[in-house]
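Take a look at the letters that make up each chain.
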Amino acid sequence: MPMTDPPDLSALSLSDIARLAEEAKLPPVDRWNPTHCGDSEMRIARDGSWFHQGGPISRPAMVRLFSTILRREPDGRHVLVTPVEKLDIEVEDAAFVAVEMKAEGAGQAARVAFRLNTGDLVTAGPDHALRFVADDTGPRPYLHVRGGLEALVVRSVYYELVERAIAGGDTPPGIWSEGVFFPLETPPETVA
């Protein structure tokens, strides 16, 4: 599978982004079930940097390639999987980082797309939910990418989302994309 440079999001319309996302063909990792083979000795840091045996993987094409065979198991573990092997990989927070955003339209007609650190393009919507987690470090937004894998939205893009949510005038403030509303507020936890 040839790896190309990621597209420039600012030069694309959201229709172009949707088309490119649809054309992206990923290996069918959800159908591969080889015997577990061990540890990849790889780690994805909170900032989206990839490491192997403690050293950074500096070639973006290698990171993009590995990201295509990344899968999240039902027990929450992350693995790199091929038809013949399955190797654990440590993920400090999220498997991807959403580093850029582009939005068009307003209200229910709005569409918001993101470029990930791997060059992948994802449009928030029914299959790619945005969720917001509040903790002692502040709000952390996440975008569902695929198969339980998420992207942490970088702080600068989060501020763009907040600006858009406030301008939208909804109560509570939130983001519309592909006809789905994603409130910025984290719903209160239910006490059982």
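If you're wondering where the values come from, they're calculated on a predicted model, not measured in any experiment.

Topic: the overall build of the protein
Here is step 1: Counting secondary structure elements, the protein contains 3 helices and 14 strands.
Here is step 2: Counting every position in the protein, which comprises 192 residues, the buried fraction comes to 40%.
Here is step 3: Approximately 10,400 Å² of the protein is accessible, and the part contributed by carbon and sulfur atoms is 53%.

So, helix α2 (residues 60–67)
Here is step 1: Buried within α2 are the following residues: V63, R64 and S67. On an axial view of α2, the arc spanned by its buried residues comes to 100°, and they lie on one face.

With respect to the sheet that holds strand β11 (residues 138–146)
Here is step 1: One open sheet accounts for 6 strands, arranged β9-β8-β7-β12-β11-β10; its pairing is mixed. In the strand order of this sheet, the two ends are held by β9 (121–123) and β10 (130–135), each with one partner. On average, each strand axis in the sheet is inclined to that of its neighbour by 40°, with strand direction left out of account.
Here is step 2: As defined by bridge partners, β11 adjoins strand β12 (residues 149–153) across 4 bridges and the pair is classed as antiparallel. Of the residues in β12, the one forming a bridge with H144 is E150.
Here is step 3: Across the sheet, helix α3 (residues 155–168) lies against β7 (96–104), β8 (111–116), β10, β11 and β12, angled at about 30° from β7, the strand it touches most.

Concerning the environment of V112
Here is step 1: The residue V112 is located in strand β8 in this model.
Here is step 2: On the basis of relative accessibility, which here comes to 0%, the residue V112 falls in the buried class.
Here is step 3: Separated by 12 residues in sequence, V112 and A124 have C-alpha atoms that sit 5.8 Å apart.
Here is step 4: If we ignore the near neighbours within four places in the chain, the residues touching V112 are M101, K102, A103, V122, T123, A124, L161, R164, I175, W176 and S177.

As for the packing of aromatic side chains
Here is step 1: Under the criterion given, the structure shown has 4 aromatic pairs.
Here is step 2: Ring geometry for Y158 versus Y159: centroids 5.9 Å apart, planes at 45°, classification tilted.
Here is step 3: What makes Y158 buried here is its relative accessible area of 11%.
Here is step 4: Judged by centre distance (5.1 Å) and plane angle (50°), the ring pair of W176 and F181 falls under tilted.
Here is step 5: Residue classification places W176 among the buried residues on the basis of a relative accessible area of 18%.
Here is step 6: Cluster of aromatic residues (ring-pair linked, three or more members): F132, Y158 and Y159.

Some points on the pairing of strand β5 (residues 78–81)
On a regular strand, one side chain projects to one face of the sheet and the next to the other, so that they alternate.
Here is step 1: Alternating residues of β5 divide into H78 and L80 and V79 and V81, and every residue in both groups is buried.
Here is step 2: Judged from the 4 bridges that link them, β5 and strand β6 (residues 86–91) form a sheet pairing that is antiparallel. Residue pairing for β6: H78 is matched across the bridge by I89.
Here is step 3: Linking β5 to β6, which pair antiparallel, is a turn of 4 residues.

Rules behind the numbers
- Residues numbered from 1 in each chain as written.
- Predicted model: local features only at pLDDT ≥ 70, side-chain atom pairs only at ≥ 80, totals over all residues.
- Heavy atoms only, no water.
- Helix = DSSP H or I, 4+ residues; strand = E, 2+ residues; numbered from the N terminus.
- Buried < 20%, exposed > 50% of the residue type's maximum accessible area, 1.4 Å probe, protein only.
- Areas by Shrake-Rupley, 256 points an atom, 1.4 Å probe, with all protein chains shown as cover.
- Arc of directions from axis to C-beta.
- Pairing = 2+ DSSP bridges.
- Axes fitted to C-alpha atoms, helices over the stretch in contact; angles between N-to-C directions.
- Contact = heavy atoms within 4.5 Å.
- Phe/Tyr/Trp six-rings, centres within 6.5 Å; stacked < 30°, edge-to-face > 60°.

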